[in-house]
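Report on the structure
Residue-level listing of the chains:
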Amino acid sequence: MAVDTKKFAEEKKIFLEHIEKEGLRRTAQRDLILEVFLKTEDHLSSEDLYWLVHKEDPNVGQTTVYRTLKVLTDAGLAREVRLGDGRTYYEHHHDHQHHDHMICTGCGKVIEFFSEELEAMQDKMADKYNFKLTHHSLRILGICNDCQQKEVNTAASGAQPRVRVKTNIN
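What counts and what doesn't
Residues numbered from 1 in each chain as written. Predicted model: local features only at pLDDT ≥ 70, side-chain atom pairs only at ≥ 80, totals over all residues. Heavy atoms only, no water. Helix = DSSP H or I, 4+ residues; strand = E, 2+ residues; numbered from the N terminus. Contact = heavy atoms within 4.5 Å. Pairing = 2+ DSSP bridges. Axes fitted to C-alpha atoms, helices over the stretch in contact; angles between N-to-C directions. Patch = residues over 30% accessible without salt bridge, like charges linked within 9 Å, V, L, I, M, F, W, Y side chains within 5 Å. Areas by Shrake-Rupley, 256 points an atom, 1.4 Å probe, with all protein chains shown as cover. Salt bridge = Lys/Arg side-chain N within 4 Å of Asp/Glu carboxyl O. Buried < 20%, exposed > 50% of the residue type's maximum accessible area, 1.4 Å probe, protein only. Parallel < 35°, antiparallel > 145°, perpendicular 65-115°, else oblique. Left-handed = near helix turned anticlockwise from the far one by under 90°. Nonpolar A, V, L, I, M, F, W, Y, C, P; charged D, E, K, R; others polar.

1. Considerations on the environment of K109
Relative to the elements of secondary structure, K109 occurs in the loop between β4 (100–104) and β5 (110–113). In sequence terms K109 and R139 are 30 residues apart; their C-alpha atoms lie 12 Å from each other. Apart from the residues lying within four places of it in its own chain, the contact partners of K109 are M102, I103, C104, C144, D146 and K166.

2. Focus on the sheet that holds strand β6 (residues 139–142)
Spatial ordering of the open sheet is given by β5-β4-β6, a layout of three strands whose pairing is mixed. Taken across any chain shown, the strands that pair with only one partner, and hence form the sheet edges, are β5 and β6. Each strand axis lies, on average, 20° off the axis of its neighbour in the sheet, ignoring direction. Inspection of the sheet shows β4 paired to β5 by four bridges, in the antiparallel sense.

3. Structural notes on a nonpolar patch on the surface
On the surface, a cluster of nonpolar side chains totalling about 550 Å² of accessible area is made up of M121, M125, Y129, F131 and L133. Position of M125 relative to the elements: it lies in helix α5 (residues 116–128). Given a relative accessible area of 37%, M125 falls into the partly exposed group.

4. Quick word on the side chain of H18
Along the polypeptide, H18 turns up in helix α1 (residues 5–21). Once you skip the residues sitting within four places of it in the chain, H18 turns out to touch V71, D74 and A75.

5. With respect to the packing of helix α2 (residues 28–39) against helix α4 (residues 62–74)
The interhelical angle for the contact between α2 and α4, taken along N-to-C directions, is 70°, at an axis separation of 10 Å. By the criterion of interaxial angle, the relationship of α2 to α4 is roughly perpendicular. Crossing geometry of α2 relative to α4 is assigned as right-handed. Where α2 abuts α4, its residues Q29, R30, I33, L34 and F37 lie against T64, V65, T68, L69 and L72. The residue makeup of the contact of α2 with α4, split by class, is six nonpolar, three polar and one charged.

Here you go:
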């Protein structure tokens, strides 16, 4: 995927200002992790990002990747997302529009979407209950069109559906 150089420069500036403010050192490994993270628009676990970074530089450790993801999150460049499979994923946050997720319980495909109607309904419910919204996360679990065509078992049960998130990495 092509990287928008102007946006990349802006995000790198935010990152560098944040690490300076926090008294952290700028390192080649942190720069590489930032670059690899910003090159993908996928939902990445720390393990996914480690795998991508490790292909570029096998000397970067998993702990360094994990800690740098925390720095990216604290700087507002990444956002933690939990998609229902027990893992934490990270997605771009800076200058990205809010969205929600539909997750296929058949193949693990994640579909991002935005709905004005859902946003308005949330605001209406918050007003009704005098509730101050600070943020929200909506996950809708179901069967994607491809899996419907393959007749993946969609039988409902009382148990939570098993979720296996599929990214371009795994």
